[in-house]
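If you want the building blocks of each chain, they are given just below.
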Amino acid sequence: MSHAAARRADGAELDGGRPAAVELRRVSVRYPGAPAGVQPALADLSLRIEAGETVALLGPSGSGKSTALKAIAGFEQPSEGTVLLAGRDVTGRPPAERGLGVVVQQYALFPHLRVADNVAYGLRARRLPRAQVRARVAEMLEMVGMESHARKLPRELSGGQQQRIAIARALAIRPDVLLLDEPLSALDARMRQDMLEELVRLRGELPDVAMVFVTHDQSEALALADRIGVMRDGRLVDLGTADELYHHPRHAFTASFLGGSNLLDGVIEPLGSVFESGFEGAAPVSSQAVSSQTGSSQTGSSQTGPAQTGLGRGGASPTFRVRLDAGGSVGARVADPGFEASSTGGAITVAVRPHALRLLPPNGADRAVGLRGIVQSVQWRGAGHRLRVALGRSGRDAGCSVVVDLEPFAAVPEVGDSITIGIVPGEAVIVPRDTTIGGLRAVAGPASAGATA
Amino acid sequence: MSAAQVTTPAAASPAVGRPASPRPWRRTRGSVRALGWAVPPLAVLAAIFLVPLAETVWQSVTDQDGAFKGAAEWVRVLGSAALLRALGTTLWIALLSTTGCVLVGTFLAVGLSFVPFRGSRLAVRLLEAVVSFPSFILPLAFGILYGRAGVLNSALAGLPGSPHVDFVNDVPGVVLAEIAYFTPFVVRPLLAVFGQIPRDLLDVSGSLGAGPLMTLRRVILPAARPALAASAGLVFLLAMNEFGIIMFTGAKNVVTLPMLIYTKSIVTFDLPAAAVVACLQLALSLTVYGLYRALVRRLSGGSRAAA
Amino acid sequence: MLLHSRSARAAVKVALVVVLALLLGVPLLAVALAAFAGSWNGVWPSDPTLAHLADALSADNLASISVSLQTALVSSIGAVAVGAWAALAARSARGRAARVIDAVFHLPAAVPSVVVGLGLLTAFSRPPLTLNGTAAIVVIAQTTLVLAFAYNTVAGAAEGLDPVLEQAAGSLGASPVRVLFTVRLPLLLPSIGAALGLAFALCMGELGATIMVYPASWRTLPVSIFALADRGSLFLAAADTLVLIAVTVAVLGLIARLRGRTMVR
């Protein structure tokens, strides 16, 4: 990752006064003809991307991430807000005047032009001398390893090869910013891995180019991006380094979309005291070191947010005991330094990733503190087993279910078994409750059905 | 670089031909039966179309009483200046009309596809409706508007110097009417082609620095070339064969081959001479039609191989 | 998407509207207005009148309308019957035979209407079949001219027919005739309806071949309109043209409704 990774999450810090490569100021895009009441395709997006930085816009389809990219490229005109490139206001200017490299989802190679002519397109638009065009085309084709395909037509190339040509064509004009819309989505699984490595290599060869890419695949974002912007319903809900977002999600949506966290509603216990984080129950895993964080008070939390200290996992985040709606209680830490439990009346959501859940021994003394549940389904996933567990005793209050990824050699329970689950210390994160994420929240329907069976 | 060597050959392999039928004998028997089915419609076509055409050819080498007299009529007609003039006029009008239709049709199709405005759908409907109107509605309208006693001239008569327009009853009037009537034949296939061009292609062209003209010339028009060639061929054929429009313009000095056939057979009752001209026109039309079909087959075959 | 500059977009839009108006809008409007104009000496027509329309619907003209309707109906039905049959035969034949049938049935569209008319005059002016001077020769002329369009429309749809359906019907034990009437024809019905509409509209406006072969007793509306225009009675001709288009559109609407009903069933 480049030097930009250490930059502050909100990107507000200026790099020696140099203007950002791309800056969006409160940009909204409303498609013409859409009724006024309808959510705009992109709402009030502010974002700075520095030269040399890679930013991924991550979100489900329809979240506005592609629209954001199109607003930067000039393919869509913002209904409000300003787009700046290297400090220059380009709002309303046509794409041709922006000088960006753009790679669209289906590559959009010109079907009647040979590979070399596709790559030369932007150079010819700039009326460069023939010799220069030829040299630059050769250079670009070499960079993407496609020298031997110069005379071919796009339809004679595989998907991965077309992708390379699209990138070579975009980079031929020496853009300061490279925009990639779902660069890997049209490729099969194996090609996708190769191409991802290729993009990482390209990233290294172009230290000064700002890259913005759009993806719905968190692994692409984690592998390639310095910072990730999580988008939902046309809005940027979270922005930060991969590490920040993964370990300190500030929103339930970020937690569930990036890493597939289980979301468990609960209430912070009114004790108000900081609780010492120990493993919930016994300690079958020793690799998860318990951090020493006993002394920190609730007031201290506002000064030492994880994003600023950069301590990462198990940092000095304040930890609370949370009583879950589904029964049981857990210790969970606060990720967002600005979060105040009092503002929500104590009602919050706890996000836990499937691999941070462990089965507790059936007759251990720890059963008292763990989450009780009934196994609904068991799925073999190669590296290990994935369980879906309906929480609650005997399905009586089966409000929700959780997904548990077992460790490779853990004993596998059977469907219908009554089990107790513990959480690896430091892995449960408190996020503001967001009742709109119904689809991603583990919900009641099938859970109760399985529990009663 | 390892990834570069990974190619999927399936995508690059040429189109595979239709596999041979596993049981050819059965196919032959089926074809024979199918040909039997084709006999009744073919018989009707022969009776009302092929035989009459053959009789016309025969007429051109016989006298009024039906006796064979060889190529005398051909020599007489082919040697006449009127025929050569008619041939020239026919081709000239067809060429002008085709050029006009291609230019106007391309402009309309590009505009309606890529710079849509409120009412552009209505415009497309209008273009499609015109094809089912009788062709003579246009020369009739031109006569009303721009004829010698038409609207424009009576409006102009009030102006000082009483300017005068008079183009309707001549080649320009015919060509304009034909452009108006045949342009939809160019617009419709182009709209279909332009509807298939992904918007991404235009966006990317723009982001690479191409202005609208370069995008038009290097991206849009190349995609339209096959459809444009085919519809130009069709319009040329239709314009060459057109009769109603020229008849309605009432232009005495616009004598095309169809007009010559009409006057020779209906006005002067010189049927053998009319037959010779008809044979010439027939040969010309069929040649153009053959070229048109070959073009369409090659273009569609090319695109199929590409798919 | 192509033009980003607002002024360029506006300019192109204006040019589009102007071209469309001059090419089609103004002429069609002029015909419609002229049909109701007592006189037209300025920019707009004056003395609005229904006299032309009344004239267009007088006894003499009604006969022409009736002749046009009868001819167009019989011709288009005949052409669609023959064309659809040929299209189905071509589809069954496949291979070289299909290509020959296809080429031959497209031919009438390539031959000028005047040549078709002359051919019919030549062929049917003497025994064994003397049709010259009858209504039949007009019907035949129009049938010939629209045959290619009828064939082309149905053949296009037949090409897209999924052979699996027919094979499935055949494998269930249906005879070829049964397959034809229970599978192929119902599936082709929309295209047959479309072919009928197109053929009818073309017949109603046909002039070239009709004017070569029509007898005085069987004068179609376009021939009457031509006679009026030739005399210089442009307003009357415009009124007749309006009537012609109205009748055509009415019948097309009827065909479309019948088609819609059969498709529901």
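Preceding this section is the structure that the text describes.
Residues numbered from 1 in each chain as written. Chains lettered and ligands numbered in written order. Predicted model: local features only at pLDDT ≥ 70, side-chain atom pairs only at ≥ 80, totals over all residues. Heavy atoms only, no water.

Enquirer: Is there a simple way to think about the interface of chain B and chain C in this case?
Expert: A common way to report how large an interface is uses the accessible area buried once the components associate. Taken together, the contact pairs 79 residues of chain B with 77 residues of chain C. Carbon and sulfur atoms make up 83% of the surface buried where chain B meets chain C, a total of about 6,900 Å² over both sides. Across the contact surface, chain B and chain C share one salt bridge. Among the salt bridges present, the one from aspartate 102 of chain C reaches arginine 293 of chain B, with a minimum N-O distance of 2.9 Å. Linking chain B to chain C there are three residue pairs in polar contact (both at pLDDT 80 or more). When residues in the side of chain B that touches chain C are grouped by element, the largest group, 20 residues, is from helix 2 (residues 24-59) of chain B. A per-class count over the side of chain B that touches chain C returns 60 nonpolar, 15 polar and four charged. (Contact = heavy atoms within 4.5 Å. Buried area = accessible area lost by both parts, 1.4 Å probe. Salt bridge = Lys/Arg side-chain N within 4 Å of Asp/Glu carboxyl O. Polar contact = N/O pair within 3.5 Å; in protein donor to acceptor, adjacent residues only side chain to side chain. Helix = DSSP H or I, 4+ residues; strand = E, 2+ residues; numbered from the N terminus. Nonpolar A, V, L, I, M, F, W, Y, C, P; charged D, E, K, R; others polar.)

Enquirer: Could you clarify how one ought to interpret the sheet that holds strand 11 (residues 262-268) of chain A in this entry?
Expert: Strand pairing in a sheet relies on backbone hydrogen bonds, with the paired strands running either antiparallel or parallel. Residues and elements named next belong to chain A. Here we have five strands rolled up into a closed barrel, ordered 11-12-13-20-14, and mixed in their pairing. Adjacent strand axes in the sheet meet at a mean angle of 55 degrees, parallel and antiparallel pairs treated alike. Taken together, the four bridges between strand 14 (residues 347-352) and strand 20 (residues 429-432) define a ladder with antiparallel strand orientation. Across the sheet, the residue bridging to valine 350 is isoleucine 430, located in strand 20. (Pairing = 2+ DSSP bridges. Axes fitted to C-alpha atoms, helices over the stretch in contact; angles between N-to-C directions.)

Enquirer: Explain the interface of chain A and chain B to me, please; I cannot follow it from the model alone.
Expert: Each partner contributes to the interface: chain A provides 34 residues, whereas chain B provides 25 residues. Summed over the three residues of chain A that lose the most area to chain B, namely Phe75, His112 and Tyr121 of chain A, the buried surface amounts to 21% of that side. Where chain A packs against chain B, one counts five residue pairs in polar contact (both at pLDDT 80 or more). Listing elements by their share of the side of chain A that touches chain B, those giving two or more residues are helix 2 (115-125), helix 4 (159-172) and helix 5 (189-205) of chain A. Within the side of chain A that touches chain B, the residues separate by chemical class into 18 nonpolar, five polar and 11 charged.

Enquirer: Mind showing me how you'd approach the pairing of strand 11 of chain A here?
Expert: Along any regular strand, the residues point their side chains to alternate faces of the sheet. Residues and elements named next belong to chain A. Extensive coverage of strand 11 is indicated by the burial of six of its seven residues. In terms of strand pairing, strand 11 meets strand 14 through six bridges, oriented antiparallel. Bridge pairing links leucine 264 to valine 350 in strand 14. As judged from the three bridges shared by strand 11 and strand 12 (residues 319-324), these two strands associate in the antiparallel manner. Looking at the pairing, valine 267 lines up with arginine 323 of strand 12. (Buried < 20%, exposed > 50% of the residue type's maximum accessible area, 1.4 Å probe, protein only.)

Enquirer: Is there a simple way to explain the environment of alanine 157 of chain C in this structure?
Expert: Residues and elements named next belong to chain C. Of note, alanine 157 is situated in helix 6 (residues 135-159). Judged by its relative accessible area of 26%, alanine 157 is partly exposed. With 30 residues separating them in the primary sequence, alanine 157 and leucine 187 have C-alpha atoms 8.9 Å apart. Once residues lying within four places of it in the same chain are set aside, the contact partners of alanine 157 are Leu188 and Ser191.

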